[in-house]
Amino acid sequence: MIGERDRLEAEARRRDGGGDTARPPGGDTVIERRTKSETRTKRPPLYKVILLNDDYTPMEFVVEILKSVFYKNHAEATRIMLHVHQNGMGVAGVYPYEVAETKTRTVEELARQGEFPLKCVMEKE
């Protein structure tokens, strides 16, 4: 009965002078056509947490940092540590801003407590 409904709506618009609203005869109800707008949530920007190489921080300490702060397994932590050692820097992980900031501060705090000059920075991806 879609055709019947369309006919009744067109008749109601004709009586009321057109438009998207219509009053059925003898009633107080207003019928409006509404379009549903679709909203999409934007993904937050991601940040790379980067470890910087130095000549004083032991490799074992860097591996332990990668395992405890970034939850890497031993093999992955060793691979990242060697990349940092050979290339001067390496990505430990990619996170939303707040998580990246927390991990960066945690690494620098642990390095300070261990009296090592290990530096960690974050960079927008």
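You'll find the structure just up there.
Report on the accompanying structure. (Residues numbered from 1 in each chain as written. Predicted model: local features only at pLDDT ≥ 70, side-chain atom pairs only at ≥ 80, totals over all residues. Heavy atoms only, no water.)

## Considerations on the pattern of salt bridges
Pairing between side chains becomes possible if they bear opposite charge and their charged atoms approach one another.
Logical step 1: For the coordinates displayed, the defined rule picks out six salt bridges.
Logical step 2: For Lys48, the salt bridge goes to Glu123, with nearest N and O atoms at 3.4 Å. Placement of the pair is Lys48 in strand β1 (residues 46-52) and Glu123 in strand β3 (residues 119-124), with a sequence separation of 75 residues.
Logical step 3: Judged by relative accessible area, Glu123 falls into the partly exposed class, the value being 39%.
Logical step 4: With a shortest N-O distance of 2.9 Å, Arg79 and Glu76 are connected by a salt bridge. Residue Arg79 and its partner Glu76 are located together in helix α3 (residues 74-87), separated by three residues, close to a single helical turn.
Logical step 5: On the basis of relative accessibility, which here comes to 48%, the residue Arg79 falls in the partly exposed class. (Salt bridge = Lys/Arg side-chain N within 4 Å of Asp/Glu carboxyl O. Helix = DSSP H or I, 4+ residues; strand = E, 2+ residues; numbered from the N terminus. Buried < 20%, exposed > 50% of the residue type's maximum accessible area, 1.4 Å probe, protein only.)

## Digging into helix α2 (residues 59-69)
Logical step 1: Looking at α2, one finds that the buried residues are Phe61, Val62, Val63, Ile65, Leu66 and Val69.
Logical step 2: Packing partners of the buried residues in α2 comprise β1, α3, β2 (89-96) and α4 (97-113).
Logical step 3: With its phi angle positive at about 55 degrees, Tyr71 sits one or two positions after the end of α2. (Contact = heavy atoms within 4.5 Å.)

## Here's the deal with the nonpolar core
Logical step 1: Leu51, Leu66, Phe70 and Val107 are the most contacted members of the largest nonpolar core, which totals 21 residues.
Logical step 2: Secondary structure elements with two or more residues in this core: β1, α2, α3, β2 and α4.
Logical step 3: With six residues, the single largest contributor to this core is α2. (Core = buried A, V, L, I, M, F, W, Y, C linked by side-chain atoms within 4.5 Å.)

In short, the description is geometric, and any link to function would need to be established separately.
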